[in-house]
Amino acid sequence: MIKIGDFASSAAALSLADYCKNQQLDVSVVVHSVDQAELWCAPEHAEQVVAEIERFLLNPYADRYQAAAWDRSELADSGTASAGISGYWQQLWSKGGWFTHLIWISTLLVYGWQQLDPWSALAALQLKPQLGLSLEQGWRWFTPGWLHFSASHLVFNLIWVWYLLGPLELKLGRISAISLTLLVLLASNLAQFVIVDANFGGMSGLVYGLFGFYWICGWLKPHWGLQISSGLVGFMLVWLLIGFFDLLWISMANWAHLAGLVAGCFCALLLTVADKWLTAQR
């Protein structure tokens, strides 16, 4: 994707993008604020999109642009109304690839296992102090992420995993999503185990890793479309600090959160540097 232009109105950029998509042009909009947006497109469509921008600037309120925006809204409304619950789940399912689906389903199955036989679930998936840093049972360096100790803990983590990992898998590919997930889980679990103990679980380390990845990518590679608001980043950082000061009524794996965040940021930096190097070699 290449950047075509800047808009002083995000609504205008989205309106033009709707029309371009109706014309089978590969475009996307990066919205920074209400009065700042960027239009990106595939290189092979650049000439056509530039021509459409010139037409749009002459008459942004032309019927063709209004109709495109209306069609998008109408399709969304009719899809929701006609499909009901089935349509809702179909739409939710479309937000991620099979790896995101696998994470969700397997985490729910493990939680069900914990309700039926919690001790066997812990024995199979939790880290064992007696093994130390051994690779004898290597899966244990990843599996604590699947353990959740309350319904609220489970729901909170799965919502964020779906919200962040799903789009990442669709935009950057399955290999990137799998690699990031494994690296972040390994780093977060290792840090919590070494610094504290083995009594922890949950996908929170991965969630923080995904936040870190989005944070850096949104800053360095906005055209990848992995954006997260600065307010949300600020909230997660404050929540992280609160956990370290032990001001909450719940026990949190703070070192897993911190290590996950750092690992996610590092992976984003590594990927952006690799992308820059590959672009320079072409």
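The structure displayed is predicted, hence computed values, not measured ones.

Attention now goes to the overall build of the protein chain. Along the backbone of the protein chain there are 10 helices and three strands. N-terminal to C-terminal, the α/β element order of the protein chain is β-α-β-β-α-α-α-α-α-α-α-α-α. Looking at the protein chain as a whole, 42% of its 282 residues are labelled buried. The long-range share in the protein chain, meaning contacts at least 24 apart out of those at least 6 apart in sequence, stands at 69%. Approximately 15700 Å² of the protein chain is accessible, and the part contributed by carbon and sulfur atoms is 65%.

Before going further, it helps to spend a moment on the nonpolar core. Of all hydrophobic cores here, the largest spans 36 residues; its most connected members are Leu168 and Phe213. Secondary-structure elements contributing two or more residues to this core are α4 (98-116), α6 (151-172), α7 (174-195), α8 (204-220), α9 (230-244) and α10 (254-281). Among the elements that line this core, the one with the most residues is α8, at nine residues. Residues within four places of leucine 168 in sequence aside, it is in contact with Gly173, Ser176, Ala177, Leu180, Leu210, Phe213, Tyr214 and Leu226.

Pairing within the open sheet is antiparallel, and its three strands lie in the order β1-β3-β2. Strand pairing shows two members of the sheet lacking a second neighbour, β1 (2-7) and β2 (27-33), which therefore form its edges. Neighbouring strand axes in the sheet, compared pairwise and without regard to direction, differ in orientation by 25° on average. Pairing geometry for β2 and strand β3 (residues 36-41), over six bridges, is antiparallel. For serine 33, the partnering residue across the bridge sits in β3 and is glutamine 36. The sheet strands contacting helix α1 (residues 10-22) are β1, β2 and β3, and the helix crosses β2 at an angle near 170°. Of the strands in this sheet, β1, β2 and β3 are in contact with helix α2 (residues 46-58), which crosses β1 at around 10°.

For any two helices packed against each other, the geometry is given by the interaxial angle and the distance between the axes. Close contact between α6 and α8 brings their axes to 9 Å; oriented N to C, the two are set at 40°. On the basis of their axis angle, the class for α6 and α8 is oblique. Seen from above, α6 lies across α8 with left-handed handedness. Within the contact between the two elements, α6 uses His153, Asn157, Trp160, Val161, Tyr163, Leu164, Leu165, Pro167, Leu168 and Leu172 and α8 uses Ser204, Leu206, Val207, Leu210, Phe211, Phe213 and Tyr214. The residue makeup of the contact of α6 with α8, split by class, is 14 nonpolar, three polar and no charged.

Here α2 contains 13 residues, and its C-alpha end-to-end distance of 19 Å stays within 8% of the 18 Å for a straight helix at 1.5 Å per residue. Among the residues of α2, Ala46, Val49, Glu52, Ile53 and Phe56 are the ones counted as buried. Considered in projection along α2, the buried side chains sweep an arc of 120° and stay on one side of the axis. More than 90 degrees from the buried face of α2, the exposed residues found are Glu47, Glu54 and Leu58.

Moving on: α1. Quick reminder: α-helices carry 3.6 residues per turn. Residues three or four places apart thus point the same way. The end-to-end C-alpha distance of α1, which contains 13 residues, comes to 18 Å, matching closely the 18 Å that a straight helix rising 1.5 Å per residue would cover. Among all positions of α1, only Ser10, Ala12, Ala13, Ser15, Leu16, Ala17, Asp18, Tyr19 and Cys20 are buried. Just downstream of α1 lies glutamine 24, where phi reads positive at about 65°.

Tallied over the entire structure, the rule returns five salt bridges. With its nearest N and O atoms 3.6 Å apart, the salt bridge here joins glutamate 38 to lysine 3. Here lysine 3 lies in strand β1 and glutamate 38 lies in strand β3, a separation of 35 residues in the sequence. With relative accessibility at 10%, the residue glutamate 38 sits in the buried group. Judged by its relative accessible area of 39%, lysine 3 falls in the partly exposed class. Residues joined in a network through salt bridges with shared partners are Lys3, Asp6 and Glu38.

Summarising the model, the protein chain shows a mean pLDDT of 85, and 88% of its residues fall at 70 or more. Per-element averaging of pLDDT across the protein chain places helix α3 (residues 63-93) at the bottom with 54 and α7 at the top with 96.

Conventions and cut-offs
Residues numbered from 1 in each chain as written. Predicted model: local features only at pLDDT ≥ 70, side-chain atom pairs only at ≥ 80, totals over all residues. Heavy atoms only, no water. Helix = DSSP H or I, 4+ residues; strand = E, 2+ residues; numbered from the N terminus. Buried < 20%, exposed > 50% of the residue type's maximum accessible area, 1.4 Å probe, protein only. Contact = heavy atoms within 4.5 Å. Areas by Shrake-Rupley, 256 points an atom, 1.4 Å probe, with all protein chains shown as cover. Core = buried A, V, L, I, M, F, W, Y, C linked by side-chain atoms within 4.5 Å. Pairing = 2+ DSSP bridges. Axes fitted to C-alpha atoms, helices over the stretch in contact; angles between N-to-C directions. Parallel < 35°, antiparallel > 145°, perpendicular 65-115°, else oblique. Left-handed = near helix turned anticlockwise from the far one by under 90°. Nonpolar A, V, L, I, M, F, W, Y, C, P; charged D, E, K, R; others polar. Expected span 1.5 Å × (residues − 1). Arc of directions from axis to C-beta. Salt bridge = Lys/Arg side-chain N within 4 Å of Asp/Glu carboxyl O. pLDDT = per-residue confidence, 0-100.

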